[in-house]
Amino acid sequence: MNFMGSLQIPTNKLDLFIRSVEIASYLPGRIRLRSQKLRGNLELERQVQRELRAFPELTRVETSIVTGSILIHYEPETLRRNPDLRKVEEYIMAHARR
């Protein structure tokens, strides 16, 4: 068995980010993430906003340092044209709380 081949090692900042948050809900076009680190952390909120808003495929990003919530809106067809974001969406679909 090739153990290394089965590992999903984060390959970029987006992979690392998505694995550091809880996937609270997923619907195509809408993802809610939660992060305890975001609660009360204005600097982290600014960084998350800056990083996520750099993706033109995301139509809206809302964050709350009160709840630690990150709400991401997007058009699924547009997002899936970006291979990295398509991979992230697939990861989220597989790991969203049911």
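In this text the structure is predicted, and so the values were computed from the model without any measurement.

Remarks on the nonpolar core
When a protein is soluble and globular, its nonpolar side chains tend to lie buried together. Residues Phe17, Ile18, Leu33, Leu52, Ile70 and Ile72 are the most contacted members of the largest nonpolar core, which totals 22 residues. Mapped by element, the contributors of at least two residues to this core are α2 (13-19), β1 (22-27), β2 (30-34), α3 (42-53), β3 (58-64), β4 (69-74) and α5 (83-95). Ranked by the residues each element gives to this core, the list is headed by α5, at four residues. Not counting the four nearest positions on each side in its chain, Ile72 is found in contact with Gly29, Arg30, Ile31, Leu33, Leu52, Leu58 and Arg60.

Comments concerning empty space enclosed by the protein
Counted by the stated rule, this structure contains one cavity of 30 Å³ or more. Taken as a whole, the largest cavity encloses approximately 120 Å³ of empty space. Along the walls of the largest cavity sit 14 residues, with Ile31, Leu58, Ile72, Leu85 and Val88 positioned nearest its centre. Elements with a contribution of two residues or more to the lining of the largest cavity: α2, β4 and α5. Taken together, the residues of the lining of the largest cavity sort by class into 13 nonpolar, no polar and one charged.

So, how was this worked out
- Residues numbered from 1 in each chain as written.
- Predicted model: local features only at pLDDT ≥ 70, side-chain atom pairs only at ≥ 80, totals over all residues.
- Heavy atoms only, no water.
- Core = buried A, V, L, I, M, F, W, Y, C linked by side-chain atoms within 4.5 Å.
- Buried < 20%, exposed > 50% of the residue type's maximum accessible area, 1.4 Å probe, protein only.
- Helix = DSSP H or I, 4+ residues; strand = E, 2+ residues; numbered from the N terminus.
- Contact = heavy atoms within 4.5 Å.
- 1 Å grid on protein atoms, 1.4 Å probe; cavity = no way out; pocket = protein on both sides within 12 Å on 5 of 7 lines; lining within 4 Å.
- Points joined across faces, edges and corners; volume = space filled by probe spheres on them.
- Nonpolar A, V, L, I, M, F, W, Y, C, P; charged D, E, K, R; others polar.

Note that every value here comes from positions in space, so none of it alone points to a role or purpose.
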